[in-house]
Amino acid sequence: MDPRIGSLDIETYGIASLDWDGMPSPDQTVYHPRRSLHTDKVPYSHQIYTCSLTIPKVDPRPVGGDWNGDLLASLVPGDTMVFRMWVPDDVKRLVRWLCHLDTLIFKDGLFDICYLRRHPSIANVLNGVRHLLIDASIINFLHYELQPEKSLKDLGPLYGIFSYEEGKTMREGHVFPSATSAEMHSYNAQDTHNTMLLVADAARRIMHDFNVSPPSGWISPLGIESNSSDHKLTPYSLQYFSDRMWTCIRMKEAGIPMSRYALADLEELHQSNADDAALAAKEIGLILSGPGSDKSKREWLQRAFEQIDLLTDEDGTLTIHRILGAEYPTVLSHPLVEYTKTGKLAIKDINIQMARLLLPADHPHRTVFDHWTASVRAMKVISSYTYPLLRHRKSKTSKGSPQASVLLPTTGDIGIAYPSIYIVPSSVKDAASTEGGQRQARPSFKDPSAQTFPPDVKKCISSRFGDAGTVLSFDLSQIELRAAALLSGDTSLIMEYSKAKPDLHTQRAIDVYGPDIVNHPYFKCGDMTLDPRQWAKRFNFADLYLAGAAKMQATLLAESGVLFPIEFFLNVVAQRPFIRPGLTEWQQRLLKEAEFRNHLIFPFIGMSRTFIRGGELNKPNEIVNFPVQLFGAATLGRIQHHVSRQMPSLNDRSPWGYMFLDVYDATYFDVRHSHIDQLKGIIADAVTIVATQDIWSHIEDLYGRHVPLTYDVTVQKAPLHKEGRRTDEGTRIPVAAGSPCSGGMQTLWDL
């Protein structure tokens, strides 16, 4: 029987000067099939030129067996076939092979699968049900996540397993004369052959390099009591990443629906605010844009810092010593202040906020920095979000097509943004100039960067179903704190989460400020600029990452516009071992494990982080951050998978709902009103499965303790717009509460 695993790769229209009909083939500037249709004007039928398939000489699995690292390491490429996608018989043969195979190997497979699924004969086969997906980028990442080389063209020579003819790769700008070129077909065949070689080689490296047993009596803080390799490339690990890929394919194909009218209104509002702020600043003497603006800004910063250095408290103490610490003689000597590479004072938001918040509210120069802040933040929304979504990216230095983020039109007001999604750091495709991804477990969205949408931009997300639909989201309640409770066994955290209505942030506020803080007029108002409970929330999360006093001071300043004295944060740090003794002890064990192994590996999933002695990433906060963030992201990913299995098929032409966005601890859906209750039930079932039968339950069993897993569901009450460029009430979209334009910020002088 033929092996049931194969390596697959496609070549799209950008690879050749002419298509198979002899017509000119456009450059490929975008890497999503819908964007190729809209931006590059290439119909679906002409987007894929060839598809190569390499079959191994032997399928090493026993009958009914699952893949693991040893089996992948034994793969040897056999026959390779190249299918011409304009030849009907070739397409039929490819479909027959896809029906036969149960495992597909790719290199950056989200690209290949999304394009293949636009082919009408292939979509029914590549449906998320039949195939386990193994991506060479993920396998290589599991071996060494810091590997700077990511393309086949770099990795082959690096490990001495294959090479390409110099000057003949897409990355080097080589374009073949025609889609019918035998040289191009050979190039495609090389890719699938070499991808299988890379997977086998990376699997061997993993099984060898992680084959390290801990010393006798070693108690691992992550439950890795045996060889690290025992948790790499297990059947569960391979299934986890395959399911993650299929979930990302669902979100990538769904796209993010947004109201173009709402975005246009928002842009107009922010532009007006920015213009007003710039005009007001100019009247005072600060030039915010145009000729002379850099010099003017730097002079105002320098002048403000010099004046702040002279400020004193009532007892005669220098104000900067109380706020920033006595070891810093001037503001400019403080590590929070940023400089350019040439040593000039940087025109960065952190410097602007330092000047703004260290100046007393009644200081004559304070108004200058208020206007400056309002202008900068308004223009940030425009340049980073509304302009790229409505038109194109403004930055000429950005990689990829400037059209990559633009909303594609549908009917009516709604446009769809089709992002690039990265499961691990990688390029879209070897020939692409865009790269993305992160070393954490969560997927990364680019073009647009939807995971960082400010609240007022996020409000522009609106249902593609119009009045018949809505946006629904669910988010895991304090997932990283719950993950830390389960992993560390900290009694204070576990006891709090065992309550029917836990309120960890209120308790921390009491610990920090005293019991009377609950009577604060803005307590629990939810506004980060006003609410002491919100500040206490940041302290709880800072515990997880061992954030120091200076880091906490900078973070609270950036997120809330509040600047407390350094002594305040030193006291918060000093409280940790007493408030979270179990967490503190577990973190110390993590640091020792990272020192012994030079890496940490998370059980079951097999993801690891390398910590090189003396390296930039070998910092305590990076080490303790890794397992907590990974566990939270993996938990959400498994819930998304179980939800996806119960949602309409990927091939459903009229689905009742779409899963379209992952934002750290939340997932967003576009759903018809008639199916809201059904989706809520699916989410509830998925959370239960993960809590009782999947990764959360596995970790509970490993550690022998229990922490409840809870979540919240939010349903958008009504469509954002009904008529024209107005909200339901006929007014402009308001600025989000607490934004620079709303006047909600405070400083230490106001508190």
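Source: prediction; values computed, not measured.

Side note on the overall build of the protein
Then comes step 1: Looking only at helices and strands, the protein features 24 helices and 20 strands.
Then comes step 2: For 751 residues, the compact-globule estimate of 2.2 N^0.38 gives 27 Å, and the C-alpha radius of gyration of the protein, at 28 Å, lies within 12% of that figure.
Then comes step 3: Judged by the C-alpha coordinates and their principal axes, the protein covers about 85 × 65 × 55 Å.
Then comes step 4: The burial tally for the protein puts 57% of its 751 residues in the buried class.
Then comes step 5: Considering only contacts within the protein whose residues lie at least 6 apart along the sequence, 71% involve residues at least 24 apart.
Then comes step 6: Each charge class in the protein was averaged separately, 78 positive and 86 negative side chains, and the resulting centres sit 2 Å apart.

What to know about the sheet that holds strand β20 (residues 711-715)
Then comes step 1: Judged by pairing direction, the sheet is antiparallel, and its four strands sit side by side in the order β18-β19-β15-β20 without closing on themselves. Two strands close off the open sheet at either side, each with one partner strand: β18 (657-663) and β20. Between one strand and the next, the sheet's axes are offset by a mean angle of 20°, whatever the strand orientation.
Then comes step 2: As paired strands, strand β15 (residues 469-476) and β20 are joined by five bridges and run antiparallel to one another. Among the inter-strand pairings, Phe-474 is bridged to a residue of β20, identified as Val-713.

What about the nonpolar core?
Then comes step 1: Core analysis: the biggest nonpolar cluster contains 158 residues, and Met-258, Ile-605, Phe-631, Ile-639, Val-643, Leu-661 and Phe-669 have the highest contact counts within it.
Then comes step 2: Broken down by element, this core gets its largest block of residues, 11 residues, from helix α22 (residues 620-646).
Then comes step 3: Counting 29 residues, the second-largest nonpolar core is a separate cluster that includes Leu-288, Ile-320, Val-368 and Ala-554.

Things to note about the packing of aromatic side chains
Then comes step 1: Following the criterion strictly, the structure yields 23 aromatic pairs and no others.
Then comes step 2: Here Tyr-513 and Phe-568 contribute two aromatic rings whose centre-to-centre distance is 5.8 Å and whose plane-to-plane angle is 25°, an arrangement assigned as stacked. Residue Tyr-513 is found in helix α17 (residues 504-513), and its partner Phe-568 is found in helix α20 (residues 566-579); the two are separated by 55 residues along the sequence.
Then comes step 3: Judged by its relative accessible area of 26%, Tyr-513 falls in the partly exposed class.
Then comes step 4: The buried category is assigned to Phe-568, whose relative accessible area is 19%.

Some details on the sheet that holds strand β8 (residues 256-259)
Then comes step 1: An order of β8-β10-β9 is seen for the three strands of this open sheet, with the pairing classed as antiparallel. Every other strand in the sheet has two partners, leaving β8 and β9 (408-409) as the edge strands with one partner each.
Then comes step 2: Sitting on the sheet, helix α9 (residues 260-284) touches β8, β9 and β10 (414-417), and the angle it makes with β8 is about 60°.

Points about the pairing of β18
Then comes step 1: Taken across its seven residues, β18 has six buried, putting it largely inside the fold.
Then comes step 2: Summarising the sheet, β18 and strand β19 (residues 666-672) pair through six bridges and their orientation is antiparallel. In the sheet register, Gly-657 faces β19, and the bridge partner there is Val-671.
Then comes step 3: Two successive antiparallel strands, β18 and β19, enclose a turn made up of two residues, where Tyr-664 displays a positive phi of approximately 65°.

Quick word on the pattern of salt bridges
Then comes step 1: Under the defined criterion, the tally for this structure stands at 28 salt bridges.
Then comes step 2: One salt bridge in this structure joins Asp-108 and Lys-107, with 3.2 Å as the shortest N-O distance. An identical accessibility class is assigned to Asp-108 and Lys-107; each is buried.
Then comes step 3: Between Asp-694 and Arg-638 there is a salt bridge, with the nearest N and O atoms lying 3.1 Å from each other. One end of the pair, Asp-694, is in the loop between α23 (676-693) and α24 (695-703); the other, Arg-638, is in helix α22, with 56 residues separating them in the sequence.
Then comes step 4: For Asp-694, a relative accessible area of 4% translates into the label buried.
Then comes step 5: Of the residues examined, Arg-638 reaches a relative accessible area of 7% and is grouped as buried.
Then comes step 6: Sharing partners across several salt bridges, the network here consists of Arg-508, Asp-543, Arg-576 and Arg-580.

Quick word on the confidence of the model for the protein
Then comes step 1: Taken as a whole, the protein shows an average pLDDT of 89; of its residues, 91% reach a score of 70 or greater.
Then comes step 2: Long-range and interchain partners of residues 719-751, a stretch whose pLDDT sits below 50, account for 85 contacts in this model, where long-range means more than four residues apart.

Observations regarding the packing of helix α10 (residues 293-309) against helix α12 (residues 349-358)
Then comes step 1: Viewed as axis vectors pointing N to C, α10 and α12 meet at an angle of 40°, and their least axial separation amounts to 10 Å. Classified by the angle their axes make, α10 and α12 are oblique. Considering only the axes of α10 and α12, their crossing is left-handed. Contacts between α10 and α12 involve Leu-301, Ala-304, Phe-305 and Ile-308 from the first element and Asn-351, Ile-352, Met-354, Ala-355 and Leu-358 from the second.
Then comes step 2: Among the residues forming the contact of α10 with α12, the class breakdown is eight nonpolar, one polar and no charged.

What counts as what
- Residues numbered from 1 in each chain as written.
- Predicted model: local features only at pLDDT ≥ 70, side-chain atom pairs only at ≥ 80, totals over all residues.
- Heavy atoms only, no water.
- Helix = DSSP H or I, 4+ residues; strand = E, 2+ residues; numbered from the N terminus.
- Rg over C-alpha atoms; globule rule 2.2 N^0.38 Å.
- Buried < 20%, exposed > 50% of the residue type's maximum accessible area, 1.4 Å probe, protein only.
- Contact = heavy atoms within 4.5 Å.
- Lys, Arg positive; Asp, Glu negative; His and termini not counted.
- Charge placed at Lys NZ, Arg CZ, Asp CG, Glu CD.
- Pairing = 2+ DSSP bridges.
- Axes fitted to C-alpha atoms, helices over the stretch in contact; angles between N-to-C directions.
- Core = buried A, V, L, I, M, F, W, Y, C linked by side-chain atoms within 4.5 Å.
- Phe/Tyr/Trp six-rings, centres within 6.5 Å; stacked < 30°, edge-to-face > 60°.
- Salt bridge = Lys/Arg side-chain N within 4 Å of Asp/Glu carboxyl O.
- pLDDT = per-residue confidence, 0-100.
- Parallel < 35°, antiparallel > 145°, perpendicular 65-115°, else oblique.
- Left-handed = near helix turned anticlockwise from the far one by under 90°.
- Nonpolar A, V, L, I, M, F, W, Y, C, P; charged D, E, K, R; others polar.

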